[in-house]
Amino acid sequence: MSEERSASGPTALVTGAGSGIGAAFARALAGEGYRLVLVDRDEARLKAVAGEFGAETVVADLTAEADLARVEARCREGVDLLVNNAGFGHPTEFLATPVEAEIAMARLHMEVVLRLTLAALPSMMERRSGGVINLASVLGFFPSSTYSASKSWVANFSRSAARSTLPANVAVTALCPGFTRTAFHDSAGMDMTGIPRFLWLDADTVVATALRDWRRGRSLSIPGWQNKTIVALARLLPMRLVDRIMTTSGKRPLAVRAR
Ligand SMILES: NC(=O)c1ccc[n+]([C@@H]2O[C@H](COP(=O)([O-])OP(=O)(O)OC[C@H]3O[C@@H](n4cnc5c(N)ncnc54)[C@H](OP(=O)(O)O)[C@@H]3O)[C@@H](O)[C@H]2O)c1
């Protein structure tokens, strides 16, 4: 862990901060005067982002127990905002995905979110301030893949946790972006060429919405009218119809097509 902390300001710990939405959180929070603790597994990329803000950095693969325990310990020391952002998608369909990759995803999207949230909350509850933003997805409202199942867990978990923490002025918010322009899809080998332009948002817009909703104490944050409409349809349409739409919408599961 590097120790470049400035003297004042609240502290935010952001995972997956070396890229995309995590780096956008780092930019926005630095602009608001937060001291940053940035976590990612790629040291060079993390240092490049952290260098912009003089942030503390933790190089960690959060699916490795020793690395996760280090970040957990940093959360226990006390942070004002925890952003559980690190995540990834599989380049393969469900039946072709090795179980080890599924377990790594389950660990990163669920166990890591659970453990870091539980490590960060006690000091927030004591101070009656601060909170957590967990990265879920619009896809968490659809039966699409183990990715969507894990993001559904994130949304339900965050809403559940918020019911316990909100009376102490501590908000837990599930951020549910749709298609967001980051390295995510390239990293997962996804072909996104057929996705209409109007469905895409940029990471800065997603983050601005998340921070606004978190400050309003909302347990669910869905950026953009496009994504709000998609989620409303998923909730209103009969389950069997949603299942059928998912089955007929392409050969590859919507993990690849509708984020
Ligand atoms: N982009 C979208 O359309 C979209 C939509 C809905 C939800 N989301 C969610 O938003 C979050 C951020 O995604 P993004 O779009 O910003 O993707 P991104 O640009 O790929 O950023 C994700 C970051 O998390 C890091 N990471 C992955 N596994 C890690 C691990 N085991 N330990 C530590 N860091 C790890 C990645 O490092 P590597 O590059 O080394 O893997 C990367 O720096 C994810 O949870 C994703 O599921 C994204």
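Residues numbered from 1 in each chain as written. Predicted model: local features only at pLDDT ≥ 70, side-chain atom pairs only at ≥ 80, totals over all residues. Heavy atoms only, no water.

**Structural notes on the nonpolar core**
For the record, the criterion: Definition used in this section: a nonpolar core is a set of buried Ala, Val, Leu, Ile, Met, Phe, Trp, Tyr and Cys residues joined via side-chain atoms within 4.5 Å. Throughout, exposure labels follow a simple rule: accessible area from a 1.4 Å probe, protein chains only, divided by the maximum for the residue type, with under 20% read as buried, over 50% as exposed, and the rest as partly exposed. Helix and strand assignments come from DSSP, with helices taken as H or I runs of at least 4 residues and strands as E runs of at least 2, each series counted from the N terminus.
Ranked by size, the top nonpolar core spans 29 residues in total, and within it F25, L29, L36, L38, L81, I133 and L211 carry the most contacts. Listed by contribution, the elements that provide at least two residues to this core are β1 (11–15), α1 (20–31), β2 (35–40), α2 (43–53), β4 (81–84), β5 (131–135), β6 (171–175) and α7 (203–215).

**A few points about the packing of aromatic side chains**
We count it as follows: Only the six-membered ring of Trp is used, alongside the rings of Phe and Tyr, when aromatic pairs are assigned; centres must lie within 6.5 Å, and planes under 30 degrees apart are stacked while those over 60 apart are edge-to-face, with the rest tilted.
In total, this model carries 4 aromatic pairs according to the counting rule given. Taking the centre distance of 6.1 Å and the plane angle of 10° together, the rings of F198 and W225 count as stacked. In this pair, F198 sits in the loop between α6 (184–187) and β8 (201–202) while W225 sits in helix α8 (residues 225–236), placing the two residues 27 residues apart along the sequence. Residue F198 is classed as partly exposed on the basis of its relative accessible area of 48%. Of the residues examined, W225 reaches a relative accessible area of 57% and is grouped as exposed.

**Observations regarding the site of the ligand**
What counts, and what does not: Residue proximity to a molecule or strand is established when one non-hydrogen atom of the residue lies within 4 Å of it. We define a polar contact as two N or O atoms separated by no more than 3.5 Å, with the added condition that, inside protein, one atom must be a possible hydrogen donor and the other a possible acceptor, whereas residues neighbouring each other in sequence contribute only through side-chain atom pairs. Shrake-Rupley sampling with a 1.4 Å probe provides the accessible areas, and residues are treated as covered by the protein chains on show and by no other component.
In the vicinity of the ligand there are 29 residues, among which S19, D40, R41, Y147 and T182 approach most closely. Take L62: an N or O atom from its main chain is 3.0 Å from a nitrogen atom of the ligand. Interatomic distance of 2.6 Å between a side-chain N/O atom of Y147 and an oxygen atom of the ligand. Look at the ligand: alone it shows 890 Å² of surface, and the protein chains cover 95% of it. Broken down by secondary-structure element, the contributors of at least two residues to the shell around the ligand are α1, α5 (146–165) and α6.

**Structural notes on the pattern of salt bridges**
Put simply, the rule reads: Should a side-chain nitrogen of Lys or Arg be within 4 Å of a carboxyl oxygen of Asp or Glu, the pair is scored as a salt bridge.
Considering all chains together, one arrives at 16 salt bridges under this definition. A salt bridge links R107 to E65; the shortest N-O distance between them is 2.6 Å. With R107 in helix α4 (residues 99–127) and E65 in helix α3 (residues 65–77), this pair connects stretches of sequence that are 42 residues apart. Its relative accessible area of 17% is what places R107 among the buried residues. Close ionic contact of R76 with E72 constitutes a salt bridge, the shortest N to O distance being 3.8 Å. Note that R76 and E72 are positioned in helix α3 at a spacing of 4 residues, about one turn of the helix. A residue is classified by how much of its surface remains accessible, and E72, at 11% relative accessible area, is buried. The network of salt bridges with shared partners includes E65, E72, R76, R107, E111 and R115.

**Quick word on the confidence of the model for the chain**
Worth spelling out the cut-off: Per residue, pLDDT measures the predictor's confidence, with a range of 0 to 100. Pairs of residues are marked as contacts when any of their non-hydrogen atoms sit within 4.5 Å.
Residues with a pLDDT of 70 or more make up 93% of the chain, whose mean pLDDT is 93. At the level of individual helices and strands, the chain shows its lowest average pLDDT in helix α10 (residues 254–257), which scores 42, and its highest in β4, which scores 99. Within the model, the stretch residues 1–6 combines pLDDT values under 50 with 16 contacts to residues more than four positions away or in other chains. Per-residue pLDDT stays below 50 along residues 251–259; that stretch engages in 37 contacts with residues further than four places along the chain or on separate chains.

**Examining unusual backbone geometry**
The backbone of R128 sits at a positive phi, close to 55°, despite the residue not being glycine. Following the sequence through the fold, R128 ends up in the loop between α4 and β5. Of note in the backbone geometry, N169 takes a positive phi value of approximately 70° without being a glycine. Topologically, N169 is positioned in the loop between α5 and β6.

**A closer look at the pairing of β5**
Operational definition: Strand pairing is assigned whenever DSSP detects at least two bridges linking the two strands. Here, the term right-handed applies to a crossover whose path from the first strand over the helix to the second runs clockwise when the strands point away from the viewer.
Of all 5 residues that make up β5, 5 are buried, and the element is covered over most of its length. Side-chain alternation along β5 places G131, I133 and L135 on one buried face and V132 and N134 on a second face that is also buried. In the sheet, β4 pairs with β5 via 4 bridges, with the strands oriented parallel. The residue of β5 that forms the bridge with N84 is N134. In the classification by handedness, the crossover that spans β4, the intervening α4 and the parallel β5 is right-handed. With 5 bridges connecting them, β5 and β6 associate as parallel partners. Of the residues in β6, the one forming a bridge with I133 is T173.

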